[in-house]
Amino acid sequence: MMVRPTILIDMRKHRIRIHKHTLQAIGDPDFVMLIINPIEYTLGIKYGVPDDKLALRIRKSTLRNDYELYSTPLMAALHQLCPEWKERENYRLEGELIVAENMAVFSMRDYTVVEH
């Protein structure tokens, strides 16, 4: 049984935590790209390439269990799309894997509030 891709949105710390098994599921990349689709209310994490200016480097030497990305502007954009998300809460999103594109897609409508 394959584990579903999972991320944690921490609105208080302006952080997205991409779980290690999610990175492994999209091909264990050295770079990732985050893609927000405001029409479908989805957040995608895609295998990235170093030549792309939007790609974020995964520093595997410091990677233990999860990759953490901190971004106040990204959290502001997510909060604008999901105004019901409270600024001091954590949200777990489980997604679907698109194997052909080395990508995981998460619906921002389907989440679980996680207690700190």
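Here, every reference points to the structure presented above.
Structure report, in brief. Owing to the predicted nature of the structure, the values given are computational and were not obtained by experimental measurement. (Residues numbered from 1 in each chain as written. Predicted model: local features only at pLDDT ≥ 70, side-chain atom pairs only at ≥ 80, totals over all residues. Heavy atoms only, no water.)

Turning to the pairing of strand β3 (residues 31-37), a few remarks are in order. Pairing of β3 with strand β5 (residues 56-57), which is carried by two bridges, proceeds in the antiparallel orientation. Considered in β5, the bridge of Phe31 is made with Arg57. Across six bridges, the pairing between β3 and strand β4 (residues 42-47) is antiparallel. Along β4, the bridge assignment pairs Asn37 with Thr42. Where β3 folds back on β4, the antiparallel hairpin that results is connected by four residues, among which Tyr41 adopts a positive phi of roughly 55 degrees. (Pairing = 2+ DSSP bridges. Helix = DSSP H or I, 4+ residues; strand = E, 2+ residues; numbered from the N terminus.)

For the coordinates displayed, the defined rule picks out three aromatic pairs. Plain terms: the ring middles of Trp85 and Tyr91 are 4.9 Å apart, the flat faces sit at 15 degrees to each other, and that makes the pair stacked. The class of Trp85 is buried, set by a relative accessible area of 1%. Ring plane angle 90 degrees and centroid distance 5.3 Å describe the contact between Tyr91 and Tyr111, whose orientation is recorded as edge-to-face. Here Tyr91 is found in strand β7 (residues 90-94), whereas its partner Tyr111 is found in the loop between β9 (103-107) and β10 (112-114), with 20 residues between them in sequence. (Phe/Tyr/Trp six-rings, centres within 6.5 Å; stacked < 30°, edge-to-face > 60°. Buried < 20%, exposed > 50% of the residue type's maximum accessible area, 1.4 Å probe, protein only.)

What follows deals with the side chain of Asp10. By the element assignment, Asp10 lies in strand β1 (residues 6-10). Among the residues examined, Asp10 registers a relative accessible area of 1% and is labelled buried. A distance of 2.8 Å separates the side chain of Asp10 from the side chain of Arg15, its partner in a polar contact. The residues contacting Asp10, other than those within four sequence positions of it, are Arg15, Met75, Glu89 and Asn90. (Polar contact = N/O pair within 3.5 Å; in protein donor to acceptor, adjacent residues only side chain to side chain. Contact = heavy atoms within 4.5 Å.)

A few words now on the pairing of β1. Most of β1 is tucked away, with five of its five residues classed as buried. Burial of the side chains of β1 extends over both faces: Thr6, Leu8 and Asp10 are buried on one face and Ile7 and Ile9 on the other. Here β1 runs beside strand β2 (residues 15-19); their pairing, made up of four bridges, is antiparallel. The residue bridging Leu8 from the neighbouring strand is Arg17, located in β2. Count of turn residues in the β1/β2 antiparallel hairpin: four residues, of which His14 carries a positive phi of about 55 degrees.

In this section: the pattern of salt bridges. Scanning the model with the defined rule gives six salt bridges in all. Among the ionic pairs, Arg4 bridges to Glu96, the shortest N-O distance being 2.8 Å. Of the two residues, Arg4 sits in the segment before β1 while Glu96 sits in strand β8 (residues 96-98), which places them 92 residues apart along the sequence. Where salt bridges share partners, they join Asp10, Arg15, Arg17, Asp66 and Glu68 into one cluster. (Salt bridge = Lys/Arg side-chain N within 4 Å of Asp/Glu carboxyl O.)

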